[in-house]
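Listed below, chain by chain, are the residues.
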Amino acid sequence: MAEVCDVVVIGGGQAGLAAGYFLRRAGLDFAVLDAAPEPGGAWQHGWDSLRLFSPAEHSPLPGWPMPRQPGEEFPTAGHVVDYLARYEQRYDLPVHRPVRVHGVHRGENDLAAHTDHGTWHARAVISATGTWQSPYVPSYPGQEKFTGHQLHTVSYRRPDDFRGQRVIVVGGGNSAAQILAEVSTVAETTWVTSRRPRFMPEGVDGRVLFDVATRREAARRLGTEDTGGVAALGDIVMVPGVLEARDRGVLHAEPMFTRLTAGGVAWTDGSERIADAIIWCTGFRPSLRHLRPLALRRHGGIIPTDGTRSIQEPRLYLLGYGDWTGPASATLIGAGRTAKTTVADIAERLTVPVSARR
Ligand code: FAD
C-alpha cells in the first residue's frame, strides 16, 4: 500500500497534534502516523502519581485550552491523556495508529516513510517522536555484577513496589526528585547526583519556564546578552511532593558513585552503600532511529536544524524534542508556537517556487 500527501507527521503525541492543528488550518493534505495503539503520547506511560507541574490553564495546545480537572490544581497524567484524545477528535486530525515508521528515505521528489502498514510519500516530513522511547542509562563499571533490581524512570510505577527496601535514586532532574520524594516515604533512600541538585524558586511552573525560554529566544534573535534561559533558574521544579520531601529533610544528595558492586554501589574513597534497587532517573535521548536512512550528520547527539528544519535535509522538520527544536518545545504550552512556525515554513515552501525561496 502506498499513500501520497503533502506532509507526513511522525508521532501523535502533543507535538504531532499541535502540528496537525496548524496543518489543518493551512489546508494541507497530511497524515499523522503514531506507533502507539492509543492517543496520549508519553503521558500514557508515566508513573501513577505523575502530574503536570502547571495548572491546566498554563498547559494549552493551540486552539482549545486544557479544561480544568475538577478538584485538582495540577492535572494528573490521565487528565492530559484524556485532553489529547479529545483534542485530536475535536479537530478531526487524521491520526493513523498503530503505525510505526521504520525508516524515512529520500525519493526523487519526496520523502518516503516506510511503516509496518505500508509507505507514505510526502513533500515534507515532521518528526515528532519525543524522547520517552529512548531512555538513557549511563554505564558504570560493575553494572552487570549488581544482583538487585535496576530500572529506569520509564519502568517506575509506584513507591509501594519498594516498600521496606534500600533504594538508590540516581539523577538531578525532576523525575529523580519526584520519585525520590515518594519512594522515601516507604523505603530507605539514597539520592546520588553528578552535580549538586539545583532547585528552582518556589512558584516557578510551566508558564514561568515558557516565559523565560521565550525571553532567551528573543535575546538570541536580537543578538543581545544570553539570559541563560530556563537552565539559569535551576533544574528541579518545586512541586508539592518535592516541597514536602524537602520539609522532611530527605532532599540531601550524595556525589555520584564510581562503580556498582554485587550488593550496591561504591565511591572512590572506598565507602559503599548496600541497595536492593537502583532507579536510574538519568533522562532520555531524542527517538530518531527512524531517520537513520537519511544518514544525517549529528552534532552532540542532535540533528542540526535551522529553527525546526533540518539543515542537511530541508524537507525534514523536527518538533518537540527540547530547546534545540524551539524554546520550551517539549512542553504543552511551548509545543504550539514551534508547530505554528514550522507549518508556516512548510506551507510557504510547498507553494513558493524553489527559485524564490530564501
Ligand atoms: P511524545 O508524547 O513522546 O509522543 C511521541 C509519539 O510518537 C508517541 O505516541 C510515540 O508512540 C510516537 N512514536 C515514536 N516513535 C515513532 C515511530 N517511529 N513511528 C511512529 N510513531 C512513533 N511538560 C509539560 O508541559 N508540563 C509538565 O508538567 C511536564 N512534566 C513532565 C514530566 C516527565 C517525567 C516527563 C518525562 C516529561 C514532562 N513534560 C512536561 C514534557 C513533555 O510534555 C513530554 O515529554 C511530552 O510527552 C513530549 O511530547 P511529544 O509529542 O514530543 O512526544
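Conventions we followed
Residues numbered from 1 in each chain as written. Predicted model: local features only at pLDDT ≥ 70, side-chain atom pairs only at ≥ 80, totals over all residues. Heavy atoms only, no water. Salt bridge = Lys/Arg side-chain N within 4 Å of Asp/Glu carboxyl O. Helix = DSSP H or I, 4+ residues; strand = E, 2+ residues; numbered from the N terminus. Buried < 20%, exposed > 50% of the residue type's maximum accessible area, 1.4 Å probe, protein only. pLDDT = per-residue confidence, 0-100. Core = buried A, V, L, I, M, F, W, Y, C linked by side-chain atoms within 4.5 Å. Contact = heavy atoms within 4.5 Å. Pairing = 2+ DSSP bridges.

1. Section: the pattern of salt bridges
Inference 1: According to the stated counting rule, one finds 20 salt bridges in the structure shown.
Inference 2: Put simply, R248 and E244 hold a salt bridge, and the shortest N to O gap is 2.9 Å. With a gap of four residues between them, R248 and E244 both fall in helix α5 (residues 240–248), about one helical turn apart.
Inference 3: Residue classification places E244 among the partly exposed residues on the basis of a relative accessible area of 37%.
Inference 4: Among the ionic pairs, R349 bridges to D345, the shortest N-O distance being 3.5 Å. Taken together, the residues R349 and D345, both in helix α6 (residues 332–351) and four residues apart, mark about one turn of the helix. D345 matches R349 in its accessibility class, with the two residues each being buried.
Inference 5: Via salt bridges that share partners, D34, E88 and R97 belong to a single interconnected network.

2. Considering the confidence of the model for the protein chain
Inference 1: Looking at the protein chain as a whole, its pLDDT mean stands at 93, while 97% of the residues score no less than 70.
Inference 2: Taken over the whole predicted complex, pTM reads 0.93, whereas the ipTM for its chain interfaces reads 0.98.

3. Concerning the nonpolar core
Inference 1: If you look at the biggest cluster of nonpolar residues, it comprises 35 residues, and the most contacted ones within it are V7, L23, L61, Y87, I126 and I346.
Inference 2: Elements represented by at least two residues in this core include exactly β1 (2–10), α1 (14–25), β2 (30–33), α2 (77–90), β6 (118–127) and α6.
Inference 3: Here the element with the most residues in this core is α1; it accounts for seven residues.
Inference 4: Not counting the four nearest positions on each side in its chain, I346 is found in contact with V7, L28, A124, I126 and Y317.
Inference 5: Ranked by size, the runner-up nonpolar core spans 31 residues in total, among them Y156, V204, I236 and I279.

4. A look at the sheet that holds strand β11 (residues 259–260)
Inference 1: Strand order in the open sheet made by the three strands is β11-β12-β13, with antiparallel pairing throughout. In this open sheet, the two strands that pair with only one neighbour each are β11 and β13 (272–274).
Inference 2: Relative to β13, strand β12 (residues 264–266) runs antiparallel, the two sharing three bridges. Each bridged residue has a counterpart across the sheet, and for G264 the counterpart in β13 is I274.

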